[in-house]
Amino acid sequence: MIPLKQALDSSIGKKFVMSISGFALVGFIIVHLLGNLPLYLNAETAGPMLNQYSAFLASFGFLLVGAEIVLAAAFIIHMAYAIRTTLVNKAARKNKYDKGIVTKGGPSHLTLLSKNMIFSGLVIGVFLVVHIWQFRLSKDAAPMVALVGGAEVHDLYSIVVKTFSQPINVVFYTLVMLFLGAHLSHGFWSAFQSLGAMKPAWSKQIHALGVVIAIVLAAGFLFIPIVMFLTQSGV
């Protein structure tokens, strides 16, 4: 039996870990978008709904902290394996070129962005640091209280309004969501391929499904800061 460390260090092992962690992160993105959908409603409705959702999550206490640690680990592992795989692949290609070896594969779904998945991944990584800072760690994210159903809850909605009242944040979030869409559109198909869960005949359908999922998720997040800015700034 191959030792676990050796298996994970293999090309197939690295792709397997990236695929599983990637699917976990996509699941989180879907849930996160669903929780943020109230932001498309008017302020009188959106505020209480978002704050109530925030309070509901906070009620899980240490379970929420555990979930956040798992998600952070999944992202770190995904990024670490992605960087390592990219470096190994570049070294392998350079070695082939140096030896004069030319390879030719069959049809693929590679594009300029899919060939630079590591770049879009790094952009998303920087975004997450900024996002966590703005909504969890900065002084503007300090607990503010709102009343929902007669109970005091964390006023997350006010933080969202304040963040997206600044044009620079709107532009930043919008641009990053374009990178997220590009990353997901190829990553979804690639994950199925890496796990060996896709027959050649399914390739186009899986790729199309990935594109649809990427567009829905990216667009769902992309228009939130725009809508918030236009409705809250009085434009």
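Please read all numbers here as calculations on a predicted model, not as lab measurements.

## Things to note about the overall build of the protein
- Along the backbone of the protein there are eight helices and two strands.
- Helices and strands in the protein line up, N terminus first, as α-α-α-α-α-β-β-α-α-α.
- Counting over 235 residues, the protein shows a buried share of 33%.
- For the protein, contacts bridging at least 24 residues in sequence account for 74% of all contacts bridging at least 6.
- In the form shown here, the protein has an accessible surface area of approximately 14600 Å², with 72% of it arising from carbon and sulfur atoms.

## Comments concerning the pattern of salt bridges
- Taken as a whole, this structure holds one salt bridge when the rule is applied.
- Arg136 is paired through a salt bridge with Glu68; the nearest N and O atoms lie 2.9 Å apart. Of this pair, Arg136 sits in helix 5 (residues 117–137) while Glu68 is found in helix 4 (residues 62–98), placing the two residues 68 residues apart along the sequence.
- Given the relative accessible area of 54%, Arg136 is considered exposed.

## Some points on a nonpolar patch on the surface
- Together, Ile30, Leu34, Leu37, Tyr40 and Phe223 line one region of the surface with nonpolar side chains, adding up to about 440 Å² of accessible area.
- Among the residues examined, Phe223 registers a relative accessible area of 42% and is labelled partly exposed.

## Thoughts on the environment of Leu175
- Looking at the element boundaries, Leu175 is found in helix 7 (residues 167–194).
- Residues Leu175 and Leu222, 47 residues apart in the sequence, show an inter-C-alpha distance of 8.0 Å.

## Section: the nonpolar core
- If you look at the biggest cluster of nonpolar residues, it comprises 28 residues, and the most contacted ones within it are Leu39, Tyr157, Val160, Phe164, Met177 and Met228.
- Those elements that provide at least two residues to this core are helix 2 (11–36), helix 3 (43–58), helix 5, helix 6 (156–163), helix 7 and helix 8 (203–232).
- For Val160, the contacting residues outside a window of four places in its chain are Leu39, Leu50, Phe135 and Met228.

## Observations regarding helix 6
- Of all eight residues in helix 6, six are buried; the element is thus mostly enclosed.
- What helix 6 keeps buried is the set Leu156, Tyr157, Ile159, Val160, Val161 and Thr163.

## As for the packing of aromatic side chains
- All told, the structure shown has seven aromatic pairs when counted by the stated rule.
- Their ring planes at 85° and their centres at 5.0 Å tell us that Phe164 and Tyr173 sit as a pair that is edge-to-face.
- Classification of Phe164 by relative accessible area gives buried; the value is 5%.

## Considerations on the side chain of Ser21
- Along the polypeptide, Ser21 turns up in helix 2.
- You can call Ser21 buried: its relative accessible area is 7%.
- Polar contacts involving the side chain of Ser21 include one to the side chain of His78, which spans 2.9 Å.
- Excluding anything up to four places from it in sequence, Ser21 contacts Ala74 and His78.

What counts as what
What you see as residue numbers is a count from 1 along each chain, following the sequence as written. The predicted nature of this model means local features are confined to residues of pLDDT at least 70 and side-chain atom pairs, given and counted, to a pLDDT of 80 or more, with totals for whole chains, interfaces and linings taken over all residues. Side-chain measures here rest on the full set of heavy atoms in the structure, leaving out hydrogens and waters. Secondary structure elements follow DSSP: runs of H or I no shorter than four residues count as helices, runs of E no shorter than two count as strands, and numbering proceeds from the N terminus. Burial classes follow relative accessibility: with a 1.4 Å probe on protein chains only, a residue under 20% of its type's maximum area counts as buried, one over 50% as exposed, and anything between as partly exposed. By the convention used here, residues are in contact when the closest approach between their heavy atoms is within 4.5 Å. Method for areas: the Shrake-Rupley scheme with a 1.4 Å probe, in which residue coverage is limited to the protein chains shown. Salt-bridge detection follows one rule: a side-chain nitrogen of Lys or Arg within 4 Å of a carboxyl oxygen of Asp or Glu. For patch detection, residues must exceed 30% relative accessible area and be free of salt bridges, and they are connected within 9 Å for like charges or within 5 Å for nonpolar side chains (Val, Leu, Ile, Met, Phe, Trp, Tyr). We define a nonpolar core as any set of buried Ala, Val, Leu, Ile, Met, Phe, Trp, Tyr and Cys residues linked to one another through side-chain atoms lying within 4.5 Å. Each pair of aromatic rings taken from Phe, Tyr and Trp, with Trp reduced to its six-membered ring, is defined by centres within 6.5 Å and is described as stacked if the planes are under 30 degrees apart, edge-to-face if over 60, and tilted in the remaining cases. Nitrogen and oxygen atoms within 3.5 Å of one another constitute a polar contact, given that in protein one can donate a hydrogen and the other can accept it, and given that sequence-neighbouring residues count only through two side-chain atoms.

All we've got here are geometric facts, nothing functional implied.
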